[in-house]
Amino acid sequence: MNDGRMMEKLHNIQTTYGYIPENEIEKLADEYAMSKTKVYGVISFYSMFHTEPTGKYLIRICNSLSCHLNRSDDVVTGVQEYLGVESGETTEDKKYTLEIVECLGHCGEGPVMMVNDKIYTHVSKAAALKILKECM
Ligand code: FES
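Note that the structure is predicted; figures quoted are calculated from it, not measured.

### Observations regarding the overall build of the chain
- Summing up its helical and strand segments, the chain has six helices and four strands in all.
- Expressed along its principal axes, the backbone C-alpha trace of the chain runs to roughly 50 × 30 × 20 Å.
- Here the chain holds 136 residues, and the buried ones make up 21% of them.
- A fraction of 58% describes how many contacts in the chain between residues 6 or more apart in sequence connect residues 24 or more apart.

What follows is the structure in structure tokens.
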């Protein structure tokens, strides 16, 4: 198996569909002569891949130690209350998917929040809600 090639294919599939559909997992399993479970294992190892459709806006909030020390809990709670969903869930209108995640790589600038590919640093609860309200 060529891991790099599989990763590239997973990225392409995710870009095309917004997630990795079951039929594409079956194709990859056939192509790489591995079980579907093993392909799922690869997918689930990387948080950027999803096996279910996500909302138009994928909201990621870091709750690792550095961000936690800067009160990321306030941001997490505020966003969960505003959206009415928990981590891993999508709003009924399919607009937002929320993920509480490990480090987003900006530990000295926490709390850190990501909306699709855009990073926001030093985010307060009020700033997070403002960002969400501006998502069109
Ligand atoms: S701990 Fe939050 S970005 Fe690293």
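### Focus on the sheet that holds strand S2 (residues 96–101)
- Spatial ordering of the open sheet is given by S2-S1-S3-S4, a layout of four strands whose pairing is mixed. Where the open sheet ends on each side, the last strands, each with one partner, are S2 and strand S4 (118–120). When strand polarity is set aside, the average angle formed by the axes of neighbouring strands in this sheet is 20°.
- Relative to strand S3 (residues 113–115), strand S1 (residues 57–62) runs antiparallel, the two sharing three bridges. Note on S3: the bridge partner recorded for Arg 60 is Met 114.
- Of the strands in this sheet, S1, S2 and S3 touch helix H5 (residues 72–83), which is tilted by about 150° from S1.

### Description of the nonpolar core
- Counting 15 residues, the largest nonpolar core has Ile 59, Ile 61, Val 75, Val 79, Val 112 and Met 113 as its most contacted members.
- For this core, the leading source of residues is H5, giving four residues.
- If sequence neighbours within four positions are ignored, Val 112 has contacts with Cys 62, Cys 67, Leu 104, His 106, Ile 119, Thr 121 and Val 123.
- Membership of the second largest hydrophobic core comes to five residues, among which are Ile 20, Leu 28, Val 39 and Ile 43.

### Observations concerning unusual backbone geometry
- With an omega of -5°, the peptide bond between Gly 110 and Pro 111 qualifies as cis.
- Along the chain, Pro 111 falls in the loop between S2 and S3.
- Despite not being glycine, Asn 116 shows a phi value in the positive range, around 50°.
- Within the secondary structure layout, Asn 116 lies in the loop between S3 and S4.
- With phi around 50°, His 122 is a residue other than glycine that occupies positive phi space.
- Following the sequence through the fold, His 122 ends up in the loop between S4 and helix H6 (125–134).
- Exposure remark for His 122: the 13 C-beta atoms within 10 Å place this residue in the partly exposed category.

Conventions adopted
Residues numbered from 1 in each chain as written. Predicted model: local features only at pLDDT ≥ 70, side-chain atom pairs only at ≥ 80, totals over all residues. Helix = DSSP H or I, 4+ residues; strand = E, 2+ residues; numbered from the N terminus. Buried ≥ 20, exposed ≤ 12 C-beta atoms within 10 Å, placed from the backbone. Contact = placed C-beta atoms within 7 Å. Pairing = 2+ DSSP bridges. Axes fitted to C-alpha atoms, helices over the stretch in contact; angles between N-to-C directions. Core = buried A, V, L, I, M, F, W, Y, C linked by C-beta atoms within 7 Å.

In short, the description is geometric, and any link to function would need to be established separately.
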